[in-house]
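# Analysis of the macromolecular model
Residues per chain are reported as follows:
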Amino acid sequence: VPAVPVLFKQALENTDTEEGKSVSLRCELTKADATVVWKKGEATLQASAKYEMKQKGTVAELVIHNAEPEDA
C-alpha cells in the first residue's frame, strides 16, 4: 500500500510585525504530527532563542522572536 503524501491544508501567509517584536507563522497539514522542516531560502532553521518551533496535531508553527528586517 503506497503511503499517502502529506499536503498543506492551509499554507503560510505573509505576516507583518514591528522590528523587535515576535511574529508567528502557521501552516496546517493533512496528517497529524508529520515532520516539518522550517527553512529560510536554502538554510534550515534550528530551534534557538530566536526561532521557536511548535507542532500540535496538524498545525505547525514557527515563532520568530526579536524580528529583524533580515527575517523577511
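Structure shown above.
Residues numbered from 1 in each chain as written. Predicted model: local features only at pLDDT ≥ 70, side-chain atom pairs only at ≥ 80, totals over all residues. Heavy atoms only, no water.

## Structural notes on the sheet that holds strand β5 (residues 51-56)
So the rule is basically this: Note on pairing: DSSP must find at least two bridges between two strands before they are called paired. Numbering of helices and strands runs from the N terminus, with a helix taken as a DSSP run of H or I at least four residues long and a strand as a DSSP run of E at least two residues long. Structural elements are reduced to axes, namely lines fitted to C-alpha atoms, with helices fitted over the stretch in contact, and the angle between N-to-C directions of any two is expressed from 0 to 180 degrees.
If you walk across this open sheet you meet the four strands as β1-β2-β6-β5, and the pairing is antiparallel. Lying at the two open borders of the sheet, with one neighbouring strand each, are β1 (8-10) and β5. Across the sheet, the mean angle separating the axes of adjacent strands is 30° when strand polarity is ignored. Note: β5 against strand β6 (residues 59-64), six bridges, orientation antiparallel. The residue of β6 that forms the bridge with Glu52 is Val63.

## Considerations on the side chain of Glu61
Formally: Throughout this description, a polar contact denotes any pair of N or O atoms lying within 3.5 Å of each other; where both atoms belong to protein, one of them has to be capable of donating a hydrogen while the other can accept it, and for residues adjacent in sequence the pair is counted only when both atoms sit in side chains.
Here Glu61 shows up in strand β6. Among the polar contacts made by the side chain of Glu61, one reaches the side chain of Ser24 at a distance of 2.4 Å. Polar contacts involving the side chain of Glu61 include one to the side chain of Arg26, which spans 3.3 Å.

## Focus: the environment of Glu18
Within the secondary structure, Glu18 sits in the loop between β1 and β2 (23-29). Between the C-alpha atom of Glu18 and that of Pro69, which follows or precedes it by 51 residues, the distance is 9.3 Å.

## Details of the pattern of salt bridges
Selection criterion: Whenever Lys or Arg places a side-chain nitrogen within 4 Å of a carboxyl oxygen from Asp or Glu, that contact is recorded as a salt bridge. Each residue is placed in one exposure class: buried if its accessible area under a 1.4 Å probe, protein chains only, is under 20% of its type's maximum, exposed if it is over 50%, and partly exposed if it falls in between.
The tally for this structure, following the rule as stated, stands at five salt bridges. Across the pair Arg26 and Glu61 runs a salt bridge whose closest N-O atoms are separated by 3.3 Å. Of this pair, Arg26 sits in strand β2 while Glu61 sits in strand β6, placing them 35 residues apart in sequence. Linking Lys50 and Glu68 is a salt bridge whose minimum nitrogen-to-oxygen distance equals 3.4 Å. In this pair, Lys50 is assigned in the loop between β4 (43-44) and β5 and Glu68 in the segment after β6, connecting sequence segments 18 residues apart. With a relative accessible area of 38%, Glu68 lands in the partly exposed category.

## Section: the environment of Val36
For Val36, the position within the fold is in the loop between β2 and β3 (39-40). Measuring from C-alpha to C-alpha, the distance between Val36 and Lys54 comes to 9.8 Å, with 18 residues separating the pair along the chain.

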